[in-house]
Amino acid sequence: MWPWGHAALGYLLYTVYLRLRAQGTPTGWPVVALGFGTQVPDLVDKPLAWYLSVLPYGRTLAHSLFVAIPVVLLVGWVARRRKRPVVGVAFGLGYLSHLLGDSLHALLTQQWGDLFFLVWPLTTPPDAETVGLIAHLRDIDGSPFFLFGLLLTVAMLVLWNHHGRPGLAELWSVVPGQRRV
Ligand SMILES: [Zn+2]
């Protein structure tokens, strides 16, 4: 799943989560934390595997539940200590939604071996991988799964706009030279 698909899936799941808990709609900093959480696994694993050759595959260390669960719990604990538990929850939900997004294709096609990353390093990654961002961009093929990611993104943008674009002002406030809105 592409970055925009991960962000969209995270936002939609977070919206459902808030609705189920009768906590209203997504707001400022939790949405920023959510968005960051949805990207963390790829921000860690892709550079370490593709460009630094530290990891054997682009879905390993930060995509593993052995790392994801402790990180989510730790961030949640720190956020609670700082009296911002909702930020920790949003980050955790974003992070775990990334793993769900990367698992969707394997779940739908029942290619269980593609879920190896969830329990890495107990499993061995595939030998072949498309390496590098440019190569991945060249590989965009308009497949149903790619189109599904785009559809999710459009749905998320409509909903996010309807919610008053939470998180935008917060992001803007940390741009150098800008004042908090
Ligand atoms: Zn990923």
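That block above? That's the structure.
Residues numbered from 1 in each chain as written. Predicted model: local features only at pLDDT ≥ 70, side-chain atom pairs only at ≥ 80, totals over all residues. Heavy atoms only, no water.

## A look at the coordination of the zinc ion
Angles between donor atoms at a metal ideally measure 109.5 degrees for a four-coordinate tetrahedral arrangement and either 90 or 180 degrees for a six-coordinate octahedral one.
Moving on, step 1. Within the protein, Asp42 (OD), His63 (NE2), His98 (NE2) and Asp102 (OD) serve as the donor atoms for the zinc ion, at 2.0 to 2.3 Å.
Moving on, step 2. Here the zinc ion binds 4 donor atoms, and the angle range of 87 to 170° at the metal identifies the geometry as irregular.
Moving on, step 3. Counting residues between consecutive donors of the zinc ion along the chain gives the motif D-x20-H-x34-H-x3-D. In this pair, histidine 63 is assigned in the loop between α2 (28-51) and α3 (65-81) and histidine 98 in helix α4 (residues 85-109), connecting sequence segments 35 residues apart. Histidine 98 shares its class with histidine 63; the two are buried. (Donors = N, O, S within 2.8 Å, 3.2 Å for Na, K, Ca; no water. Tetrahedral: all angles 85-135°; square planar, octahedral: opposite > 155°, others 65-115°. Helix = DSSP H or I, 4+ residues; strand = E, 2+ residues; numbered from the N terminus. Buried < 20%, exposed > 50% of the residue type's maximum accessible area, 1.4 Å probe, protein only.)

## Considerations on the side chain of glutamine 39
Moving on, step 1. With respect to the helices and strands, glutamine 39 occurs in helix α2.
Moving on, step 2. The exposure class of glutamine 39 is buried, given its relative accessible area of 17%.
Moving on, step 3. A polar side-chain atom of glutamine 39 sits 3.0 Å from a polar atom in the side chain of threonine 38.
Moving on, step 4. Among residues more than four places away in sequence, those in contact with glutamine 39 are Pro3, His6, Ala7 and His98. (Polar contact = N/O pair within 3.5 Å; in protein donor to acceptor, adjacent residues only side chain to side chain. Contact = heavy atoms within 4.5 Å.)

## Observations concerning the packing of α3 against α4
Moving on, step 1. The contact between α3 and α4 brings their axes to 7 Å, and the two run at 165°. Classified by the interaxial angle, the pair formed by α3 and α4 is roughly antiparallel. In this structure, α3 crosses over α4, and the sense of that crossing is right-handed. Across the interface between the two elements, Leu65, Val67, Ala68, Val71, Val72, Val75, Gly76, Ala79 and Arg80 from α3 touch Pro85, Gly88, Phe91, Gly92, Tyr95, Leu96 and Leu99 from α4.
Moving on, step 2. In the contact of α3 with α4, the residues fall into 12 nonpolar, 3 polar and 1 charged. (Axes fitted to C-alpha atoms, helices over the stretch in contact; angles between N-to-C directions. Parallel < 35°, antiparallel > 145°, perpendicular 65-115°, else oblique. Left-handed = near helix turned anticlockwise from the far one by under 90°. Nonpolar A, V, L, I, M, F, W, Y, C, P; charged D, E, K, R; others polar.)

## Considering the pattern of salt bridges
Moving on, step 1. All told, the structure shown has 2 salt bridges when counted by the stated rule.
Moving on, step 2. The salt bridge involving lysine 46 is made with aspartate 42; its shortest N-O contact spans 3.3 Å. With lysine 46 and aspartate 42 both in helix α2 and 4 residues apart, the pair spans about one turn of that helix. Each of the two residues, lysine 46 as well as aspartate 42, counts as buried. (Salt bridge = Lys/Arg side-chain N within 4 Å of Asp/Glu carboxyl O.)

## Section: the packing of aromatic side chains
Moving on, step 1. According to the stated counting rule, one finds 8 aromatic pairs in the structure shown.
Moving on, step 2. Note on phenylalanine 36 and phenylalanine 91: the rings are 6.2 Å apart at their centroids and 35° apart in plane angle, and the pair reads as tilted. Residue phenylalanine 36 is found in helix α2, and its partner phenylalanine 91 is found in helix α4; the two are separated by 55 residues along the sequence.
Moving on, step 3. Note on phenylalanine 91: relative accessible area 7%, which makes it buried.
Moving on, step 4. Judged by centre distance (6.2 Å) and plane angle (85°), the rings of tryptophan 50 and tyrosine 51 are edge-to-face. (Phe/Tyr/Trp six-rings, centres within 6.5 Å; stacked < 30°, edge-to-face > 60°.)

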